[in-house]
Amino acid sequence: MTDEIQMYPVEPDVLRYKLNKEMPYFADVIYRLIPKPQDDMNTFAVDENFRWYYGEEVPFTPEEQVTVLFHEINHLIRNHFGRRHERDPKQWNVAGDREINDWFPQHLSPPNKGVGSKKYHMDDCGLPDGELAEWYFDRLEQFELHAREDATSMDPGVGKCMTHPGCDSKDKDTVLDKKTYDVTQKGVMHVPVCGGSAGNGDGDSTDGDEQGDGGVSEVEAEAVRQSVAEKVQDEHKQGRGNLPGSLVDWADKYLNPIVPWSKLLRVAARRASTEIQGDTTQTFTKP
């Protein structure tokens, strides 16, 4: 690369204070993070136990660092780790990024860069905003996901492609059969590099207590999400702050999940039918 990237120091306590001042309803998750500086990182990442990995110097201004931390925290409150299951970590992480970034509050979006840019949303690959990570994951099958050498969690970069030796670092559209619309050749999409919903880069994480670093357990993490959702609703009812509408929708759906009653009814009926058919003991008990 010809231009040297300017690096800025990371001050975890100052950064958390700034984000908490912007979004006090996120306080529970902000101050549950376990800061863990890394020598070989130039970005931020989190794991499912709320450990926050960061480079001691990153290519983000202090203001941009607030945005990146907000992005990482959203991987936690959206439970992208728990929702991944057996999906490919890299592709799932990109899908999770897309779920998060189309509901960023405008005042946290840096101008003409990162989350405020077209590149960081789904319209760069012909997919709409406003969907869940699971939906995006399925549609990303039609792309090869590459990373450039200067990619960060905020921007896909412009440098040399590090994923494939023969790649010219340019994005390419997917080739479709004009009659069947089947994919005949995958497109190439260079994506931001974010450790968010795939752990610290490898998709694996161990329980925080086993590491002795105070990591948050699965039960505690769920309690934090519950608390954040309740505070978001309270903030919305009082009409304060710069609440993104999609964040309010998330809180409402989290606290009032839609129960698939038809599916549950089928399961209950099937179970009852099976139990009756298998019951060959004759008694005088009233059915």
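Residues numbered from 1 in each chain as written. Predicted model: local features only at pLDDT ≥ 70, side-chain atom pairs only at ≥ 80, totals over all residues. Heavy atoms only, no water.

1. Focus on the overall build of the protein
For step 1, the next point in the chain: When helices and strands are tallied, the protein shows 10 helices and nine strands.
For step 2, the next point in the chain: Relative to its full complement of 287 residues, the protein shows a buried share of 45%.
For step 3, the next point in the chain: Put simply, of all contacts in the protein between residues at least 6 apart along the chain, 63% involve residues at least 24 apart.
For step 4, the next point in the chain: In the structure as shown, the protein presents an accessible area of about 16200 Å², 50% of it carried by carbon and sulfur atoms. (Helix = DSSP H or I, 4+ residues; strand = E, 2+ residues; numbered from the N terminus. Buried < 20%, exposed > 50% of the residue type's maximum accessible area, 1.4 Å probe, protein only. Contact = heavy atoms within 4.5 Å. Areas by Shrake-Rupley, 256 points an atom, 1.4 Å probe, with all protein chains shown as cover.)

2. Some words on a negative patch on the surface
For step 1, the next point in the chain: Taken together, the side chains of Asp39, Asp40, Glu56 and Glu57 define an acidic patch exposed on the protein surface.
For step 2, the next point in the chain: By the element assignment, Glu57 lies in strand 5 (residues 57-58). (Patch = residues over 30% accessible without salt bridge, like charges linked within 9 Å, V, L, I, M, F, W, Y side chains within 5 Å. Salt bridge = Lys/Arg side-chain N within 4 Å of Asp/Glu carboxyl O. Lys, Arg positive; Asp, Glu negative; His and termini not counted. Charge placed at Lys NZ, Arg CZ, Asp CG, Glu CD.)

3. A look at the packing of helix 1 (residues 12-22) against helix 3 (residues 62-77)
For step 1, the next point in the chain: It is at 10 Å that the axes of helix 1 and helix 3 come closest, and there the two elements cross at 75°. Taken together, the axes of helix 1 and helix 3 are roughly perpendicular relative to one another. From helix 1, Leu15, Arg16, Lys18 and Leu19 reach across to helix 3, where they touch Pro62, Gln65, Val66, Leu69, Phe70 and Ile73.
For step 2, the next point in the chain: Taken together, the residues of the contact of helix 1 with helix 3 sort by class into seven nonpolar, one polar and two charged. (Axes fitted to C-alpha atoms, helices over the stretch in contact; angles between N-to-C directions. Parallel < 35°, antiparallel > 145°, perpendicular 65-115°, else oblique. Nonpolar A, V, L, I, M, F, W, Y, C, P; charged D, E, K, R; others polar.)

4. Structural notes on the packing of helix 3 against helix 5 (residues 89-101)
Two measures define how a pair of helices packs: the angle their axes make with one another and the distance between the axes.
For step 1, the next point in the chain: Axis separation between helix 3 and helix 5 bottoms out at 10 Å; the angle between their running directions is 110°. The angle between helix 3 and helix 5 falls in the class roughly perpendicular. Counted together, His71, Asn74 and His75 of helix 3 and Asn93, Gly96, Asp97, Ile100 and Asn101 of helix 5 form the full contact between these two elements.
For step 2, the next point in the chain: Its residues placed into classes, the contact of helix 3 with helix 5 shows one nonpolar, six polar and one charged.

5. A few points about the packing of aromatic side chains
Two aromatic rings, taken as a pair, are described by how far apart their centres are and by the angle between their planes.
For step 1, the next point in the chain: Here the structure, examined in full by the defined rule, presents eight aromatic pairs.
For step 2, the next point in the chain: Centre to centre, the rings of Trp135 and Tyr136 are 5.5 Å apart; their planes meet at 80°, and the pair counts as edge-to-face.
For step 3, the next point in the chain: Using a relative accessible area of 25% as the deciding quantity, one classes Trp135 as partly exposed.
For step 4, the next point in the chain: Three or more aromatic residues link up through ring pairs in this structure, and these residues are Phe44, Trp52, Tyr54 and Phe60.
For step 5, the next point in the chain: For the cation-ring pair, Arg87 lies above Phe137, with the distance from its terminal atom to the ring centre recorded as 5.7 Å. (Phe/Tyr/Trp six-rings, centres within 6.5 Å; stacked < 30°, edge-to-face > 60°. Lys NZ or Arg CZ within 6 Å of the ring centre and 35° of its normal.)

6. Looking at the pattern of salt bridges
For step 1, the next point in the chain: Counted by the stated rule, this structure contains nine salt bridges.
For step 2, the next point in the chain: Measuring nitrogen to oxygen at the nearest pair gives 3.0 Å for the salt bridge that ties Lys172 to Asp168.
For step 3, the next point in the chain: Through salt bridges with shared partners, a single ionic network connects Arg78, Arg83, Glu99 and Glu134.

7. Considerations on the sheet that holds strand 2 (residues 34-38)
For step 1, the next point in the chain: Overall, mixed pairing links the three strands, which are arranged 2-4-3 in an open sheet. Whereas interior strands pair on both sides, the edge strands pair on one side only; in this sheet they are strand 2 and strand 3 (44-46). For this sheet, the mean inter-axis angle between neighbouring strands, taken without regard to orientation, is 25°.
For step 2, the next point in the chain: Contacts from helix 3 reach strand 3 and strand 4 (51-55), with the element oriented near 20° to strand 3. (Pairing = 2+ DSSP bridges.)

8. A look at the confidence of the model for the protein
For step 1, the next point in the chain: Mean pLDDT over the protein works out to 79, with 75% of the residues at or above the 70 mark.
For step 2, the next point in the chain: Mean pLDDT across the secondary structure elements of the protein bottoms out at helix 7 (residues 208-211), with 46, and peaks at helix 2 (residues 27-30), with 95.
For step 3, the next point in the chain: Counted against residues more than four places away or in other chains, residues 111-123, with its pLDDT under 50, gives 41 contacts.
For step 4, the next point in the chain: Taken as a whole, residues 198-211 scores under 50 in pLDDT and shows 33 contacts with residues more than four places along the chain or in a different chain. (pLDDT = per-residue confidence, 0-100.)

9. Details of helix 3
For step 1, the next point in the chain: Between its first and last C-alpha, helix 3 extends 23 Å over 16 residues, near the 22 Å set by a 1.5 Å rise per residue.
For step 2, the next point in the chain: For helix 3, a buried count of 14 out of 16 residues is recorded, marking the element as mostly surrounded by other parts of the structure. (Expected span 1.5 Å × (residues − 1).)

10. Observations concerning the environment of Trp92
For step 1, the next point in the chain: Tracing the chain through its elements places Trp92 in helix 5.
For step 2, the next point in the chain: Looking at Trp92, the relative accessible area reads 0%, which means it is buried.
For step 3, the next point in the chain: Here the alpha-carbon distance between Trp92 and Phe137, two residues 45 residues apart in the chain, equals 5.9 Å.
For step 4, the next point in the chain: Polar contacts involving the side chain of Trp92 include one to the main-chain carbonyl oxygen of His80, which spans 2.8 Å. (Polar contact = N/O pair within 3.5 Å; in protein donor to acceptor, adjacent residues only side chain to side chain.)

11. Structural notes on unusual backbone geometry
For step 1, the next point in the chain: Positioned with a positive phi, Phe50 is a non-glycine residue whose angle comes to about 70°.
For step 2, the next point in the chain: By secondary structure assignment, the location of Phe50 is in the loop between strand 3 and strand 4.
For step 3, the next point in the chain: Looking at Phe50, the relative accessible area reads 1%, which means it is buried.
For step 4, the next point in the chain: The backbone phi angle of Asn79 is positive, close to 55°, even though this residue is not glycine.
For step 5, the next point in the chain: Relative accessible area serves as the criterion here: at 24%, Asn79 is assigned to the partly exposed category.

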